[in-house]
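# Examining the three-dimensional arrangement
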Amino acid sequence: MLYFDLVLSLTALLGLCAFFTLCARLHSALAPLTALACVSTWFTLAGVLDVLKPAGWAGYVLCWGLGAFALARHAKKEELKKLLTPGAVLFWALALTFAVYFALRQPMFSEFDEFSLWGTAAKLTKANDRLFPACELGVPWTATQNPGLIVLGYFVQFFGAFAPFKVYLAYDLLLFACIAAVLGRVDFKNYKLAVPLAVIGWCTPWFFTTYARTIFVSKVYMSAYGDIPAGMLIGGTAALWFALRAGKGPVWPILPVLAFLANIKDNTFPLALITAALIAADYFLFGFERQWKKGWGRRLGVSALCMGMPLVLYQVWAKYIARLVQQNAAAGGMGETSEGTLSVALNGTKLLLGLETPEYYTQRAQRFAQAGADMKRAFYETVLSMVGPGAVVALLILAVFAAAVVFAPGVRGRLRAGMWMLGSTLGFAAYNYVLALSYGFIFKEAEAAALASYNRYLYTYYIGWFLMAVALLAWAVQNSRWRLTANAGVLAFACLMLVRVNMMVLPQFSVLGFADATFADQHAAEARAEAVKAAVEPQDRIFIVTQGDDGTLWFTYSCYFLPNILDYSGWEADRDTGRWGGGGGTFGLPENQPPQQEGGAVYYHPYTLAEMEEIIRGSGCAYIFADKLDAGYTASYGSLFSDGLAAANAGETLLYKVEPGLFTPVEMEVPR
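Throughout what follows, the structure given in this document is the object of discussion. (Residues numbered from 1 in each chain as written. Predicted model: local features only at pLDDT ≥ 70, side-chain atom pairs only at ≥ 80, totals over all residues. Heavy atoms only, no water.)

## Some remarks on the pattern of salt bridges
Overall, the coordinates contain 16 salt bridges when judged by the stated rule. With a shortest N-O distance of 3.1 Å, arginine 130 and aspartate 50 are connected by a salt bridge. Of this pair, arginine 130 sits in the loop between helix H6 (112-128) and helix H7 (148-156) while aspartate 50 sits in the loop between helix H2 (31-48) and helix H3 (52-73), and the two are 80 residues apart along the sequence. Residue aspartate 50 is classed as partly exposed on the basis of its relative accessible area of 41%. With its nearest N and O atoms 2.7 Å apart, the salt bridge here joins lysine 265 to aspartate 227. Here the residue lysine 265 occupies a position in the loop between helix H11 (254-261) and helix H12 (269-286), and aspartate 227 occupies one in helix H10 (residues 227-247), the gap between them amounting to 38 residues. (Salt bridge = Lys/Arg side-chain N within 4 Å of Asp/Glu carboxyl O. Helix = DSSP H or I, 4+ residues; strand = E, 2+ residues; numbered from the N terminus. Buried < 20%, exposed > 50% of the residue type's maximum accessible area, 1.4 Å probe, protein only.)

## Things to note about unusual backbone geometry
Where the residue is not glycine, phi is negative for most of them; where a peptide bond is considered, it is trans in most cases. That bond from leucine 562 to proline 563 is cis: its omega, 15°, falls within 30 degrees of zero. With a phi angle near 70°, leucine 645 is a residue other than glycine that sits in the positive phi range. Following the sequence through the fold, leucine 645 ends up in the loop between helix H25 (631-637) and helix H26 (646-649).

## Topic: the packing of H12 against helix H18 (residues 410-441)
It is at 10 Å that the axes of H12 and H18 come closest, and there the two elements cross at 160°. Classed by the angle they form, the pair H12 and H18 counts as roughly antiparallel. Crossing angle aside, the handedness with which H12 passes H18 is right-handed. Across from Pro270, Leu271, Ile274, Leu278, Ile279, Ala281, Asp282 and Phe286 in H12, the residues of H18 making contact are Arg412, Leu415, Arg416, Met419, Trp420, Gly423, Ser424, Gly427, Ala430, Tyr431 and Val434. Taken together, the residues that form the contact of H12 with H18 break down as 13 nonpolar, three polar and three charged. (Axes fitted to C-alpha atoms, helices over the stretch in contact; angles between N-to-C directions. Parallel < 35°, antiparallel > 145°, perpendicular 65-115°, else oblique. Left-handed = near helix turned anticlockwise from the far one by under 90°. Contact = heavy atoms within 4.5 Å. Nonpolar A, V, L, I, M, F, W, Y, C, P; charged D, E, K, R; others polar.)

## Describing the packing of aromatic side chains
Summed over all chains, the structure comprises 62 aromatic pairs. On the numbers, 4.8 Å between centres and 70° between planes, the contact of tryptophan 554 with phenylalanine 555 is edge-to-face. By relative accessible area, which is 15% here, phenylalanine 555 ends up buried. Stacked on the ring of phenylalanine 514, the Lys or Arg arginine 105 has its end atom at 4.2 Å from the ring centre. (Phe/Tyr/Trp six-rings, centres within 6.5 Å; stacked < 30°, edge-to-face > 60°. Lys NZ or Arg CZ within 6 Å of the ring centre and 35° of its normal.)

Structure below.
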């Protein structure tokens, strides 16, 4: 079967979940999130050690073996019933449905950052059986994004061919596992609470990311970006913790999940620390039965482990990247990356306190101050959700927390809920501070001035903060004297969310009903890439010419051409002069370069005829991919080609072979 790898990955995941539930006393609704965290951490560590493929085989065998052992040892009907809870049934129903649905519809990457990082990194990892920073792509920098999500995509399609929809499925498995964790220990008898919680979980990604009625497909459940999964995982981690404590069972499952949370994105590492700090404080302050002093040493130890897990995995990854950067520098590549999050936080705080800081930070102090002022204004004015700007979103979330405080059982329960409300609010302030530091000291000046990706960074916290509040409310409701009233309130809120989402996102513009034409451009680009790949060898490097491109097509084709490398030639040759060559953009003679203010000059590569030939031949490329030509390129460089580019302009070929004399056209089938 073409997609039998999905069956293998889901059965392996099922085996690990069954083992956790039947042998490790973990509630079945919490097992998927714990299992995915363990899988992600396993593959991350294996990738750091550069044994990804052997570890993949070992991991699959281990999951199947543990599952078979658990099912054989606990084959009684009463034991197997533990596997069937509302959260677990919801997770597996959604997982199987989406696996079949995506296999039939096969959505594709289409967003810029999917091709510039997230999707291409997933394909690099799969194509090379190595973590993406260690693979060659052709760009003059090393991608340092954390691999926690990307290795989930590797796990899902370990035994099969790469496909973008499998990456989407891997990420959605995580989202579904977080929703299952929010349902937690709710049983079938309490369906009046289970159903609205499931609805709230399903609607949450849309609710905090869509701020206007969509007229194009809303790709919330068809995205390779890490922002939404990071937010869902924050809430899922808190929900997992509440359920673990409610069951008075083992607390070890929170440790791999916290490590996973720190391995999603570099700029969400502070969110992992905030979540870990809340869990550590909750266990130390409220993790006792009768006397606070009794068992304080154990509580302190577990709290320290909770704080340590995100730091450990983050440092493992940081050291791995530092080693790669040094190797890259020694090989003649770029030996620098942007300032690290921890370094920026430390020096930015020292700057605020008036302490001495390196010149790098003092030079950017004004940018940091302006970013803070701009973020404050955006919090009150910028609409980024279905309920309005950030200030309204924060009030909504605090209202849910307040309800949890009201319905929490006893004084101790209300104090606990209040601690989460206060702590998460302080965490929100801290996260905004980290974002201001990032805009001031990590982002480029133009990006800081425009608050680039402000919505994406904020809705990560809003999603996690909201799910955290909902999970806390669910815990309070199940232990409340006013359970009927509380259930009615949760149901009413779920209905309001569902109505609002359906007002803003019509079914035909969602994952439920997108048209085939949605990915028409991607299918066309992929077909051109496949036609070219059929005419070359896998090890051949290819020089791309795509006139008028803003970089999007270069990134797109870089993904589609793998394992062939699209060359980013010209950058090293012109490093001293500052001219940026190769990749996306427009090639042309220097005298034809338009003024920058007229547009396009940023990506205009002004090469003379001799320079163009020298760059192509010096790049080591065996072929030239003529994707998009214009009159300027033909007039400027047509004499380098044996037919003057006539075949390419006539649509008879997309490919020219780099030979000692003139570049010659290659006979091939050109997709129409």
